[in-house]
Amino acid sequence: MTSSSSPSQDTKRLAHAYPEGLRADALMEEDVAWSYEIDGERDGEQFDRSERAALRRVAGLSTELEDVTEVEYRQLRLERVVLVGVWTTGTAQDADNSLAELAALAETAGALVLDGVIQRRDKPDAATYIGSGKAQELRDIVLETGADTVICDGELSPGQLIQLEDVVKVKVIDRTALILDIFAQHAKSREGKAQVALAQMQYMLPRLRGWGQSLSRQMGGGRGGLATRGPGETKIETDRRRIREKMAKMRREIADMKTGREIKRQERRRNKVPSVAIAGYTNAGKSSLLNRLTGAGVLVENALFATLDPTVRRAETPSGRLYTLADTVGFVRHLPHHLVEAFRSTMEEVGDSDLILHVVDGSHPDPEEQLAAVREVIRDVGATDVPEIVVINKADAADPLALQRLLRIEKRSIAISARTGLGIEELLALIDNDLPRPSVEVEALVPYTHGKLVARAHTEGEVISEEHTAEGTLLKVRVHEELAADLAPYVPVSTA
């Protein structure tokens, strides 16, 4: 057995044994000995071809949750936001309440509020909303807190949005965009999703921005020719046109859905069924009240705009009169006009009702402001002539002095608690008293062969007394003129 020689000795031996041109080939053919001390550190760990070509999984980096139920509610990264408001009218407390509500909206949308600032001005600055100097101070706050978004407590113009972003160097959104984002998260029904999409496109259309290729023109502006003469459409113009086309399509779809809702309302009117609409500020407890009165099982959550889709349920007064109870979308101060327009078909439930239950949160710091904001929207949808009962909810958690003040200011009001059932019986009695009553009082002896008339008297009218005799059912009812005409043949001669 021969011993292995060193690499330097092998090289010298090859240099003598082979000419210059054949030396490289000889080095390739020579069985040169390999040692770990010399070559191992240079070559490193060796892998097969399949191992070198494969993706290698690194253990311990997965963030997948073991509990699948948590995945739906997990937020990969909460946006860190700073709030900014402009105080133009009212008291300092009003400005603080408005910014506190903006913070609640931001948390509902899934953001982490880091800080909030308010500036006192006669009117918002036309360029940067808060002025150039205050915008620089806001930039310092953003850097100090590490925020990645600024939310303004108002609706910014496209110019204000762009210029404020240029100064603070992070994303800027306004109150309208925030509310639209919450609506997009919470809309469940087909109609609700269409209404939110329409409102978002109305908001987006004047705020489209473009640079680079977005402002380049398409070819084809002229009629034929080698280079298709004339400037064509820019990409941003094409985007605007497509958004307008989508908006037109969305309006047609909502109009079709509105037709179905109108047919249902006409059927209720034909059957002379009174309707009651629950309206009020968001998170005032409208869904809780609907569940308490009808057992509807609607989602109840301590969050702004938790339920958007209207729900209609049949209910009965203590005297046995049937009526429908409709839960409507919640309102908020400075509700974007895009939403009012998009949800107009849904809000028509309020305008077509016979009675409005105006629910207000009695435990809120400023319930009067909530009442004013809701009444402004009710006025926009043309429901000012509908009778109203102010229902002061959450009486169990409200300040007694604040409750007394509200009950004194609002003449047609009642304090209740939808959670505990306090005041619900009194509210039902008020509803029974305020619902429109049939105008004609009739006493008729209806034969047993005409039981449908008796059933109609119970569903469409108000039965005062009912007695079963040998000849038939003796009814004393208050009904509408149409049913009174059908009962006229059975009115006894003595009472006719």
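Not measured: the values here are computed from a predicted model.

A. Focus on the side chain of Glu 165. With respect to the element layout, Glu 165 can be found in helix H7 (residues 158–168). Excluding residues within four positions of it along the chain, Glu 165 makes contact with Val 170, Lys 171, Val 172 and Arg 209.

B. The arrangement of the sheet that holds strand S13 (residues 473–479) in detail. Pairing within the open sheet is antiparallel, and its three strands lie in the order S11-S13-S12. Two strands close off the open sheet at either side, each with one partner strand: strand S11 (440–446) and strand S12 (462–468). The average angle at which neighbouring strand axes cross in this sheet is 10°, direction not considered. Judged from the seven bridges that link them, S11 and S13 form a sheet pairing that is antiparallel. Within S13, the position partnered with Val 446 by the bridge is Thr 473.

C. The pairing of strand S1 (residues 79–87), seen in detail. Taken together, the nine bridges between S1 and strand S2 (residues 111–120) define a ladder with parallel strand orientation. Directly across from Val 81, in S2, lies its bridge partner Val 113. Of the crossover connections in this fold, the one passing from S1 over helix H5 (residues 92–109) to the parallel S2 is right-handed. Relative to strand S3 (residues 149–152), S1 runs parallel, the two sharing four bridges. What sits directly across from Val 84, in S3, is Cys 152.

D. Region of the structure containing the packing of helix H8 (residues 175–186) against helix H9 (residues 190–204). Here H8 crosses H9 at 155°, and the two axes come no closer than 10 Å. Considered as vectors, H8 and H9 are oriented roughly antiparallel to each other. Our pair here, H8 against H9, has a crossing hand that is left-handed. Across from Thr 176, Ala 177, Leu 180, Phe 183 and Ala 184 in H8, the residues of H9 making contact are Val 196, Ala 199, Gln 200 and Tyr 203. Taken together, the residues of the contact of H8 with H9 sort by class into seven nonpolar, two polar and no charged.

Here is what the cut-offs are and how they apply
Residues numbered from 1 in each chain as written. Predicted model: local features only at pLDDT ≥ 70, side-chain atom pairs only at ≥ 80, totals over all residues. Heavy atoms only, no water. Helix = DSSP H or I, 4+ residues; strand = E, 2+ residues; numbered from the N terminus. Contact = heavy atoms within 4.5 Å. Pairing = 2+ DSSP bridges. Axes fitted to C-alpha atoms, helices over the stretch in contact; angles between N-to-C directions. Right-handed = clockwise from strand over helix to strand, strands pointing away. Parallel < 35°, antiparallel > 145°, perpendicular 65-115°, else oblique. Left-handed = near helix turned anticlockwise from the far one by under 90°. Nonpolar A, V, L, I, M, F, W, Y, C, P; charged D, E, K, R; others polar.

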